[in-house]
Amino acid sequence: AGTGCDNGFTDGRQLCNTHIPEWFQTPGMSAAKISSFYNDPVKQDMENFSRQQAFFLRAITLNNGMEWKTRRLLRFGYHLARGFVHGFPFNNLARKDEKTKKKV
């Protein structure tokens, strides 16, 4: 769903800023210390968001119900309109022409 990097960065941030400093305050590495990382609410929120995104994108791609067909059509229309607002493909062609123009 495109959230893998965000998930990894969230895990790293939580480990470095929260859990590892706490772990170094006492000797040893117990299962309770490790479970504190996996039970971290920030980490769990990010994982839940990633899971929801993955299932939603899978559904919008594969489901055949009228709701999902409508969502696909609306999504396509949105991205098509967004492309035209930003000038795609016409701006890209104009930029190429400007680069290839020869000065006399």
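K.L.:
Quick question: what am I supposed to make of the overall build of the protein chain here?
P.N.:
Along the protein chain, the regular secondary structure elements total 5 helices and 0 strands. Going from N to C terminus, the protein chain has its helices and strands arranged as α-α-α-α-α. Relative to its 104 residues, the protein chain shows a buried fraction of 17%. Within the protein chain, residue pairs in contact and separated by at least 24 positions form 40% of the contacts whose partners lie at least 6 positions apart. Taken as a whole, the protein chain presents about 8,500 Å² of accessible surface, with 61% of it coming from carbon and sulfur.

K.L.:
Any chance you could explain the packing of aromatic side chains here in plain terms?
P.N.:
Pairs of aromatic rings are described using the distance from one ring centre to the other and the angle between the two planes. Taken as a whole, this structure holds 2 aromatic pairs when the rule is applied. With a centroid separation of 5.1 Å and 70° between ring planes, the pair formed by Phe37 and Tyr38 is classed as edge-to-face. Residue class for Phe37 comes out buried when judged on its relative accessible area of 8%. For the cation-ring pair, Arg71 lies above Trp68, with the distance from its terminal atom to the ring centre recorded as 4.8 Å.

K.L.:
Explanation requested: the packing of helix H1 (residues 4–23) against helix H3 (residues 41–62) in the structure shown.
P.N.:
Relative placement of two packed helices is described by the angle separating their axes and the distance separating the axes. Where H1 meets H3, the axes come as close as 10 Å, and the angle between the chain directions of the two elements is 175°. When the axes of H1 and H3 are compared, the pair comes out roughly antiparallel. Contacts between H1 and H3 involve Asp6, Asn7, Thr10, Asp11, Arg13 and Gln14 on the former and, on the latter, Val42, Lys43, Met46, Glu47 and Ser50.

K.L.:
What is the right way to look at the pattern of salt bridges in this model?
P.N.:
Oppositely charged side chains are able to pair whenever their charged atoms sit close together. Following the criterion strictly, the structure yields 3 salt bridges and no others. A salt bridge links Lys43 to Asp11; the shortest N-O distance between them is 3.2 Å. Of this pair, Lys43 sits in helix H3 while Asp11 is found in helix H1, placing the two residues 32 residues apart along the sequence. The shortest N-O distance in the salt bridge between Glu47 and Lys43 comes to 2.5 Å. Here Glu47 pairs with Lys43, and both are found in helix H3, just 4 residues apart, close to one helical turn.

K.L.:
I would appreciate a short explanation of the packing of H3 against helix H4 (residues 66–85) in the present structure.
P.N.:
Running from N to C, H3 and H4 point in directions that differ by 95°, and their axes come no closer than 8 Å. Classified by the angle between their axes, H3 and H4 sit roughly perpendicular to one another. Residue-level contacts link Phe56, Leu57, Ala59, Ile60, Thr61 and Leu62 of H3 to Trp68, Arg71, Arg72 and Arg75 of H4. Among the residues making up the contact of H3 with H4, the classes are represented as 6 nonpolar, 1 polar and 3 charged.

K.L.:
Looking at this structure, I do not really get the environment of Asn7. What am I missing?
P.N.:
Position of Asn7 among the secondary structure elements: in helix H1. Look at Asn7 and you get buried, because its relative accessible area is 18%.

K.L.:
Looking at this structure, how should I read the side chain of Thr10?
P.N.:
Residue placement: Thr10 occurs in helix H1. In this structure Thr10 comes out as buried when scored by relative accessible area, which is 7%. Those residues in contact with Thr10 that sit more than four places away from it in its chain are Val42, Lys43 and Met46.

About the thresholds
Throughout this document, residue positions are counted from 1 along each chain, in the order its sequence is written. In keeping with the model being predicted, local features are shown solely for residues with a pLDDT of at least 70 and side-chain atom pairs are shown and tallied solely at 80 or more, while totals for entire chains, interfaces and linings include all residues. Side-chain measures here rest on the full set of heavy atoms in the structure, leaving out hydrogens and waters. Working definition: helices are DSSP H or I runs of at least four residues, strands are E runs of at least two. Numbering for both runs from the N terminus. Think of it in three bands: with a 1.4 Å probe and only protein chains considered, a residue is buried below 20% of the maximum accessible area for its type, exposed above 50%, and partly exposed in between. Contacts: residue pairs with any heavy atoms within 4.5 Å of one another. Surface accessibility in these figures is a Shrake-Rupley result with a 1.4 Å probe; residues are shielded only by whichever protein chains are displayed. Only the six-membered ring of Trp is used, alongside the rings of Phe and Tyr, when aromatic pairs are assigned; centres must lie within 6.5 Å, and planes under 30 degrees apart are stacked while those over 60 apart are edge-to-face, with the rest tilted. Whether a charge sits over a ring comes down to the Lys NZ or Arg CZ being within 6 Å of the ring centre and within 35 degrees of the ring normal. Axis angles are defined between N-to-C directions and span 0 to 180 degrees, where every axis is a line fitted to C-alpha atoms and, for a helix, only to the segment in contact. Roughly parallel means an angle under 35 degrees; roughly antiparallel, over 145; roughly perpendicular, 65 to 115; everything else is oblique. For this analysis, a salt bridge means a side-chain nitrogen from Lys or Arg found within 4 Å of a carboxyl oxygen belonging to Asp or Glu. The nonpolar class holds Ala, Val, Leu, Ile, Met, Phe, Trp, Tyr, Cys and Pro. Asp, Glu, Lys and Arg form the charged class, and all remaining residues, Gly among them, are polar.

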